[in-house]
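So the chains spell out like this:
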Amino acid sequence: MLASTASQLRTFHSLSPLPPLTFSSPFRLSLSFRQSKRKCTLQASVPPFPLRVSASSQAAPASTEAAKASSVPSEMKAWVYGEYGSVDVLKFDSNVSVPEVKEDQVLIKVAAAALNPVDFKRRQGKFKATDSPLPTVPGYDVAGVVVKVGSQVKDLKVGDEVYGDIHEKALEGPKQFGSLAEYTAIEEKLLAPKPKNLDFVQAAALPLAIETAYEGLERTGFSAGKSILVLNGAGGVGSLVIQLAKHVFGASRVAATSSTGKLELLKNLGADLAIDYTKENFEDLSEKFDVVYDAIGQCERAVKVVKEGGSVVALTGAVTPPGFRFVVTSNGAVLKKLNPFLESGKVKPVIDPKGPFPFNQVVEAFSYIETNRATGKSSYVVSSIPTN
């Protein structure tokens with residue numbers, strides 16, 4: 001599921017060294033472009049369809065993007081697939097039609113985009129019965145600059161720096177045009193102002209994962225004074241569950257699991273107890289928890305350490321009562337609510353050291369995400385692609 005093992009992302013082209021926690025093991029990906037006069041040399045033959053995709057790399061300042069707001073082209077560069085399958089179906093095209101902007105939408109010049117497990121599951125056709133028609137420009141998470149607004153847009157204006165998950169319902173009719181392109185259209189209600197202290201890469205690494213973490217905690221009724229165990233605490237979702245539980249919800253005790261090399265990361269994120277799953281079975285703990293947040297697919301084991309009357313969130317794998325699963329709903333209001341915690345540094349994006357990846361390495365990025373080894377989230381930086 002989309003929130004499986006946490007949103008794993010990978011990045012295209014680094015904008016600058018990433019100050020937030022960076023660690024040496026894998027878990028999420030994101031993208032960003034920088035303007036350069038070099039065009040991407042990648043070319044691909046794609047069956048005729050309205051979408052065509054292509055790109056280059058290197059990022060330009062937001063002010064540059066705002067200046068270009070009045071000159072949005074009719075075609076753009078993007079990545080596309082016209083059939084379901086392995087990474088081999090991904091194609092790079094330079095003549096994709098720029099998506100039309102509906103009344104309640106804005107058009108964003110993409111500065112960074114991020115991959116999540118849902119991206120490769122969608123590409124594999126795991127939920128094609130409810131998918132939008134092919135061909136598809138993949139990508140859920142985005143950060144960028146508003147270059148056009150619909151007639152019913154109330155708060156956003158051209159030049160605003162924003163971030164969000166562009167698909168309100170991840171598995172039910174997600175948009176045909178995703179974020180792995182020069183431009184993408186998105187409803188205003190799904191966006192929030194980009195935190196001032198984060199660059200585009202860091203911001204793009206957050207939306208789907210942090211919304212999943214937050215919604216899961218909300219659904220359990222988590223509140224101050226409660227305890228929680230996070231399975232796969234070093235993952236894209238897990239790393240944010242730890243931080244939100246501790247610094248936003250006021251958890252009395254946070255425990256989390258990871259491999260040996262990531263235990264220090266868990267402690268830095270706020271875990272009171274870091275459990276090495278390669279050496280210990282968390283079921284053997286003497287204590288039980290009000291909530292267990294399973295971001296790895298071990299619900300059958302997770303229910304053994306939850307208190308009576310407690311809750312188990314299961315993002316992937318089989319669900320054992322009292323465990324439950326949900327599909328996150330994209331919501332800009334959640335991002336706005338969490339922005340103060342991000343801007344204060346209490347909650348930080350965790351970026352995998354292998355990211356960001358340049359935009360011409362989307363195939364490699366997908367391949368990396370599918371290993372399920374990322375730490376936090378890597379960022380694909382996709383921004384300011386030359387449009388000539």
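By the naming in an unreviewed UniProt entry, the chain is Enoyl reductase (ER) domain-containing protein, taken from Carya illinoinensis. Of the comments in the UniProt record for the chain, the one headed Sequence similarities (unreviewed entry) reads "Belongs to the zinc-containing alcohol dehydrogenase family. Quinone oxidoreductase subfamily."

Caption draft 1: Geometry of the overall build of the chain. A count of helices and strands for the chain gives nine helices and 14 strands. Considering only intrachain contacts with a sequence separation of at least 6, the fraction spanning at least 24 residues in the chain is 75%. Total accessible area computed for the chain in this model is approximately 14400 Å², and 48% of it derives from carbon and sulfur atoms.

Caption draft 2: Examining helix H5 (residues 236-247) more closely. In a regular helix each residue adds 1.5 Å, so twelve residues correspond to 16 Å; H5 covers 17 Å between its end C-alpha atoms and thus fits that length. Within H5, ten of the twelve residues are buried, which leaves it mostly tucked inside the rest of the structure. Among all positions of H5, only Gly 236, Val 237, Gly 238, Ser 239, Leu 240, Val 241, Ile 242, Gln 243, Leu 244 and Ala 245 are buried. Turning to H5, the residues buried within the fold contact helix H4 (207-220), strand E9 (227-231), strand E10 (253-258), helix H6 (263-269), strand E12 (289-294) and helix H8 (332-343).

Caption draft 3: Inspection of the packing of aromatic side chains at higher detail. Under the criterion given, the structure shown has seven aromatic pairs. Between the aromatic rings of Tyr 81 and Tyr 84, the centroid separation amounts to 6.4 Å while the plane-to-plane angle is 50°, which identifies the pairing as tilted. The positively charged end of Lys 109 is found above the aromatic ring belonging to Tyr 183, 5.3 Å away from the centroid. Lys 194 extends its terminal NZ or CZ atom over the ring of Phe 200, reaching a point 5.3 Å from the ring centre.

Caption draft 4: Local environment of the layout of surface pockets. When its volume is computed, the second largest pocket comes out at roughly 180 Å³. Every residue lining the second largest pocket is listed: Pro 99, Glu 100, Lys 102, Gln 105, Lys 175, Gln 176, Phe 177, Ala 185 and Glu 187. Its residues placed into classes, the lining of the second largest pocket shows three nonpolar, two polar and four charged.

Caption draft 5: Geometry of the sheet that holds E12. Strands sit in the order E11-E10-E9-E12-E13-E14 across an open sheet of six strands; the sheet is parallel. If you trace the sheet from one side to the other, it starts and ends with strand E11 (273-276) and strand E14 (323-324), each paired once. This element, H4, spans E9, E12, strand E13 (306-314) and E14 of the sheet and lies at about 145° to E12. In the packing of H5 onto the sheet, contacts are made with E9, E10 and E12, and the angle to E9 comes to roughly 170°.

Caption draft 6: Structural context of the nonpolar core. Membership of the largest hydrophobic core comes to 54 residues, with the highest contact counts inside it found for Ile 210, Leu 217, Ile 228, Leu 244 and Tyr 293. Membership of the second largest hydrophobic core comes to 27 residues, among which are Val 106, Ile 108, Val 146 and Val 162.

Caption draft 7: Spotlight on the pairing of strand E2 (residues 75-80). Here E2 lies mainly inside the structure; five of its six residues are buried. As defined by bridge partners, E2 adjoins strand E3 (residues 91-97) across five bridges and the pair is classed as antiparallel. Residue Met 76 lies in a different strand from E3, and its bridge partner there is Val 96.

Caption draft 8: Spotlight on the packing of H4 against H5. It is at 8 Å that the axes of H4 and H5 come closest, and there the two elements cross at 55°. Between H4 and H5, the interaxial angle falls into the category oblique. Every pair of crossing elements has a handedness; the one defined by H4 and H5 is right-handed. The segment H4 lies against H5, with Ala 209, Ile 210, Thr 212, Ala 213, Tyr 214 and Leu 217 engaging Gly 236, Val 237, Leu 240, Val 241, Leu 244 and Ala 245. Its residues assigned to classes, the contact of H4 with H5 comprises ten nonpolar, two polar and no charged.

Caption draft 9: Seen up close, the environment of Leu 265. Relative to the helices and strands, Leu 265 resides in helix H6. Sequence separation between Leu 265 and Val 350 is 85 residues; the distance between their C-alpha atoms is 9.4 Å.

What counts, and at which threshold
Residues numbered from 1 in each chain as written. Predicted model: local features only at pLDDT ≥ 70, side-chain atom pairs only at ≥ 80, totals over all residues. Heavy atoms only, no water. UniProt positions renumbered as here; feature names shortened; annotations may be inferred. Helix = DSSP H or I, 4+ residues; strand = E, 2+ residues; numbered from the N terminus. Contact = heavy atoms within 4.5 Å. Areas by Shrake-Rupley, 256 points an atom, 1.4 Å probe, with all protein chains shown as cover. Expected span 1.5 Å × (residues − 1). Buried < 20%, exposed > 50% of the residue type's maximum accessible area, 1.4 Å probe, protein only. Phe/Tyr/Trp six-rings, centres within 6.5 Å; stacked < 30°, edge-to-face > 60°. Lys NZ or Arg CZ within 6 Å of the ring centre and 35° of its normal. 1 Å grid on protein atoms, 1.4 Å probe; cavity = no way out; pocket = protein on both sides within 12 Å on 5 of 7 lines; lining within 4 Å. Points joined across faces, edges and corners; volume = space filled by probe spheres on them. Nonpolar A, V, L, I, M, F, W, Y, C, P; charged D, E, K, R; others polar. Pairing = 2+ DSSP bridges. Axes fitted to C-alpha atoms, helices over the stretch in contact; angles between N-to-C directions. Core = buried A, V, L, I, M, F, W, Y, C linked by side-chain atoms within 4.5 Å. Parallel < 35°, antiparallel > 145°, perpendicular 65-115°, else oblique. Left-handed = near helix turned anticlockwise from the far one by under 90°.

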